[in-house]
Amino acid sequence: MAEQDQGTATKQISIQKIYVKDSSFESPHTPEVFTKQEWNPKTNLNLRSSHKSGSDDNHEVVLTITIEAKDGDETFFLVELQQAGLFHIVGYNEEEFKAIVGSYCPNILFPYARESVANMVSKGGFPEFLLQPINFDALYAQGLAQAQAKAQEQTAAGSGNGGGDGSGNGGGNGGSA
């Protein structure tokens, strides 16, 4: 029991730093876009996160957001933002760690990214643009489900086509170089 308590006591997540890694705002059709009578742009949101290990159990997580507002072929504005954080993560197993960097950390970064996007769009002369809350837990679970389905498809395709070398490892190079 003492070993179990000791194992959970070593789990730690702390925020070392939150920062904007890269940002860009483009409005290629100004000032003409401001004189339009009808202003009903269609917005496209692209969201992704990435992770890079550093030293001393520090991990950089980057939330990348791209927003494009268009009317037909005319781009009103394009926002690209990389909101990053440096997190000290210790004591978690692989599954827990993947959930932390895939869901928990992006959830921490999102309010900062949301504020940066709103400021850039506003300072670009456009009406207020607020990103709606995002359920990173659901996105992470959806990503896991898609990865499992893809792995199952590949396994099924590999076992039914007569491929492989008969060793059961799919014909991969299992030896050392």
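Quick caveat, the model's predicted, so the values are computed rather than measured. (Residues numbered from 1 in each chain as written. Predicted model: local features only at pLDDT ≥ 70, side-chain atom pairs only at ≥ 80, totals over all residues. Heavy atoms only, no water.)

Caption draft 1: Just the overall build of the protein, in detail. The number of helices and strands found in the protein is three helices and four strands. For the protein, the α and β elements follow one another from N to C terminus as α-β-β-β-β-α-α. If you take every contact in the protein between residues at least 6 apart in sequence, the share linking residues at least 24 apart comes to 69%. For the protein, the exposed area adds up to about 11600 Å²; of that, 47% sits on carbon and sulfur atoms. (Helix = DSSP H or I, 4+ residues; strand = E, 2+ residues; numbered from the N terminus. Contact = heavy atoms within 4.5 Å. Areas by Shrake-Rupley, 256 points an atom, 1.4 Å probe, with all protein chains shown as cover.)

Caption draft 2: Here's a closer look at the sheet that holds strand β1 (residues 12-26). In space, the four strands of this open sheet follow the order β1-β4-β3-β2, with antiparallel pairing throughout. Where the open sheet ends on each side, the last strands, each with one partner, are β1 and β2 (42-53). If you compare each strand with its neighbour and ignore which way they point, the axes differ by 15° on average. Contacts from helix α2 (residues 94-123) reach β1, β2, β3 (58-71) and β4 (74-90), with the element oriented near 140° to β4. (Pairing = 2+ DSSP bridges. Axes fitted to C-alpha atoms, helices over the stretch in contact; angles between N-to-C directions.)

Caption draft 3: Examining α2 more closely. Taking 1.5 Å as the rise per residue, α2 with 30 residues should run 44 Å; its terminal C-alpha atoms sit 42 Å apart, in good agreement. The sharpest bend along α2 comes to roughly 40°, located at Ile100. The N-cap residue of α2 is Asn93: its side-chain oxygen and the backbone nitrogen of Glu95 are 3.1 Å apart. In the segment just after α2, Gly125 is the residue with positive phi, at about 95°. (Expected span 1.5 Å × (residues − 1). Bend = angle between axes of the 7 residues up to and from the residue. Polar contact = N/O pair within 3.5 Å; in protein donor to acceptor, adjacent residues only side chain to side chain.)

Just distances and angles here, no functional claims.
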